[in-house]
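Descriptive structure summary
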Amino acid sequence: MKFTVKAVLFDLDGTLIDSAPDLGAAADKMRTDRGLHSLPLSDYRPYAGAGARGMLGVAFGMTPDHPEFAARREEFFQNYEQRMLVSTHAFPGVPQLIGDLVDLGLAWGVVTNKSMRFAGPLTREMPLFSTSATVVGGDSTPHAKPHPAPLLEAARQLGMAPADCLYVGDDERDIVAGRAAGMATVAATYGYLGQRSDWLAWGADAQIDAPLGLLALIRLATSPKN
């Protein structure tokens, strides 16, 4: 595999950061507030990438067509706002990965389906994102992933051609969006969905099972001898 890399774009939850503990706690508080027993984090973790829809599905078996879904979603959002940086942390290896990308002179940024209501404060408060050149949220463009619009907007903000950008994510929607945007794509199978999903069917250009695997992949793909 050979591709050009001038910038690396990442999904957020499940790719750069493990936010499952805070997402799960926000939903679980809704259960305990109603006198229901607490559920373990292991129940919530696989669905953390789906945000409120995933968390409410685990906590209450509730789908978006439920008449109370909108109200409970806002309750979940308020709970999450109050604790979204309590237990959230970068995956092991991510800080070194970001530092090495900067040392290589590569621009990097975030494209997430998380709304800017949360993605903005979170990325401003976590030191990890101090060198990020762009943060595009799920409501930054008229369409969220798997539509390519957010990725194309990130490339525009970076002043890069989409073909010069690499997109890394742990969800099939990430790979679909990246391919539609004309970017090389990498499936992060250490994330929330990768290990339990058929990531081979996603159509990614490559796969990594740990964040630092991306550096070796970039060096290999951009080597003049490749």
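Attention in this report is confined to the structure presented alongside it. On a predicted model such as this, the values are computed, not experimentally measured, just so you know. (Residues numbered from 1 in each chain as written. Predicted model: local features only at pLDDT ≥ 70, side-chain atom pairs only at ≥ 80, totals over all residues. Heavy atoms only, no water.)

1. Considerations on the overall build of the protein
As a reminder of what qualifies: Comment: elements are numbered from the N terminus, with helices defined as DSSP H or I runs of at least four residues and strands as E runs of at least two. Atoms considered for the radius of gyration are the C-alpha atoms alone. The globule rule reads 2.2 Å times the number of residues to the power 0.38. Whether a residue is buried, partly exposed or exposed follows from its accessible area with a 1.4 Å probe, protein chains only, as a fraction of its type maximum: under 20%, in between, or over 50%, in that order. By the convention used here, residues are in contact when the closest approach between their heavy atoms is within 4.5 Å.
Secondary structure assignment for the protein yields nine helices and eight strands. A compact globule built from 226 residues should have a C-alpha radius of gyration of about 17 Å, and the protein, at 17 Å, falls within 12% of that. With the principal axes as the frame, the protein shows a C-alpha extent of 60 × 35 × 35 Å. Residue burial in the protein is summarised as follows: out of 226 residues, 50% are buried. Considering only contacts within the protein whose residues lie at least 6 apart along the sequence, 65% involve residues at least 24 apart.

2. Focus on the packing of helix α1 (residues 20–33) against helix α4 (residues 69–81)
Note the following rule: As a rule, the C-alpha atoms of each element are fitted with a line to give its axis, helices using only the stretch in contact, and angles between N-to-C directions run from 0 to 180 degrees. Under this scheme an angle from 65 to 115 degrees is roughly perpendicular, one under 35 degrees roughly parallel, and one over 145 degrees roughly antiparallel; angles in between are oblique. Crossings are assigned a handedness: left-handed for a near helix turned anticlockwise from the far helix by less than a right angle, right-handed for a clockwise turn. Polar here means any residue outside two lists: the nonpolar Ala, Val, Leu, Ile, Met, Phe, Trp, Tyr, Cys and Pro, and the charged Asp, Glu, Lys and Arg; Gly therefore counts as polar.
Viewed as axis vectors pointing N to C, α1 and α4 meet at an angle of 125°, and their least axial separation amounts to 9 Å. The orientation of α1 with respect to α4, classified from their angle, is oblique. Both α1 and α4 take part in a crossing whose hand is right-handed. In contact with D22, L23, A26, A27, K29 and M30 of α1, α4 contributes R72, E75, F76, N79 and Y80. Among the residues forming the contact of α1 with α4, the class breakdown is six nonpolar, one polar and four charged.

3. With respect to helix α3 (residues 51–60)
Of the positions making up α3, those classed as buried are A52, G54, M55, L56 and A59. As for α3, its buried residues are in contact with α1, α2 (41–44) and α4. One or two positions beyond α3, positive phi appears at G61, with a value near 65°.

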